[in-house]
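Survey of secondary and tertiary structure
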Amino acid sequence: MSTRRVQDAIRDDQKIQNELKRNGNIPTHIAVIMDGNGRWAKKRKLPRIAGHNEGVESVRDTVESCGQLGVKYLTLYAFSTENWKRPKEEVSMLMRLLMRALRDETDRLHKNNVRVHAIGDISSLPQEVQDELLDAIEKTKHNTGLNLLLALSYSGRWDITDAVRRLISNVQQGTVKTENINDHLISEYLSTKNVPDPDLLIRTSGEFRISNFLLWQLAYSEIYISDLFWPDFRRNELYKAIAEYQKRERRFGMVSEQVQTQKSKASYVG
Ligand code: FPP
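Every value quoted in this text rests on a predicted model; they were computed, and no experiment measured them. (Residues numbered from 1 in each chain as written. Predicted model: local features only at pLDDT ≥ 70, side-chain atom pairs only at ≥ 80, totals over all residues. Heavy atoms only, no water.)

Our next topic: unusual backbone geometry. Its identity is not glycine, yet Ser153 carries a phi of approximately 50 degrees, on the positive side. You can call Ser153 buried: its relative accessible area is 3%. (Buried < 20%, exposed > 50% of the residue type's maximum accessible area, 1.4 Å probe, protein only.)

Here it is as structure tokens:
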């Protein structure tokens, strides 16, 4: 691309970002089910790993644009508990890809003020992946921009089961009273402790499923289904998802009039 074209593209991108920011309702937390890598590759008669490789490019562009927009949390479903059941060769290729991506991307993430976190059964990952992950977490721990949560060997049921186990243990030890258990307390036992629930869930490849992702945390998230396969998902599709989110009315079980009253009270106080 010529320098002129690059400059035009950057200007257009900033224009869209500014417009989304002006709307004043950038989601605080976006969660993404990155789906369709295999189908993307199949369509091109390429091995599945080619789809995963290209998917890393989409991760890079999504992370960068979320950071620029001021999104505070981005959770990516990178490897589910169920993904362990895939053919051994695909699992080991995915693990190698993750390791390489973490190794190659950590400096850029750090430069962009991104803080890396991991959720899931991290101890089940190969040691080399765990090491790269811990390095990335450690190196970026003082960053104050986007919080990037990588869901690895993660599933919503695993998360809830793990929380229940620790909660029961604390009840038995007497540090938690059964009558004090409420949804706020349960949230504190989940891997997303201190992270606000996702405002927006994006799923790619046109599938309408939650696939055992953040089952508890997605209770009131708005859902955007993109028809694109994950390797084709780039910032322009992210902008579409956010623009669509900005048009939705989130009622959290209330009626529209109550939501409007709350909004006008909040703007009066603010
Ligand atoms: C789903 O596509 C995708 C995955 C199981 C892996 C996603 C992982 C990456 C894009 C790499 C992530 C890297 C970082 C650094 C977070 P699929 O294989 O299920 O596609 P299909 O449904 O078409 O078969």
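One open sheet holds the 6 strands; their spatial order is β3-β4-β2-β1-β5-β6, and the pairing between them is parallel. Each of the sheet's edge strands pairs with one partner strand only, and the pair in question is β3 (115-119) and β6 (222-225). Neighbour to neighbour, the strand axes of the sheet diverge by 20 degrees on average, direction disregarded. Judged from the 5 bridges that link them, strand β1 (residues 29-33) and strand β2 (residues 73-80) form a sheet pairing that is parallel. (Pairing = 2+ DSSP bridges. Helix = DSSP H or I, 4+ residues; strand = E, 2+ residues; numbered from the N terminus. Axes fitted to C-alpha atoms, helices over the stretch in contact; angles between N-to-C directions.)

Further remarks concern the layout of surface pockets. There is about 870 Å³ of room inside the largest pocket. Among the elements of the structure, α2 (37-43), α3 (48-69), β2, α4 (88-111) and β4 (147-154) are those that each provide at least two residues to the lining of the largest pocket. Per-class residue counts for the lining of the largest pocket are 19 nonpolar, 9 polar and 11 charged. By volume, the second largest pocket is sized at about 310 Å³. Surrounding the second largest pocket, 18 residues form its lining, Asp183, His184, Ser187, Asp197 and Trp216 being those nearest its centre. Tallied by class, the residues present in the lining of the second largest pocket amount to 7 nonpolar, 6 polar and 5 charged. (1 Å grid on protein atoms, 1.4 Å probe; cavity = no way out; pocket = protein on both sides within 12 Å on 5 of 7 lines; lining within 4 Å. Points joined across faces, edges and corners; volume = space filled by probe spheres on them. Nonpolar A, V, L, I, M, F, W, Y, C, P; charged D, E, K, R; others polar.)

Remember, this is a structural readout, not a statement about activity or role.
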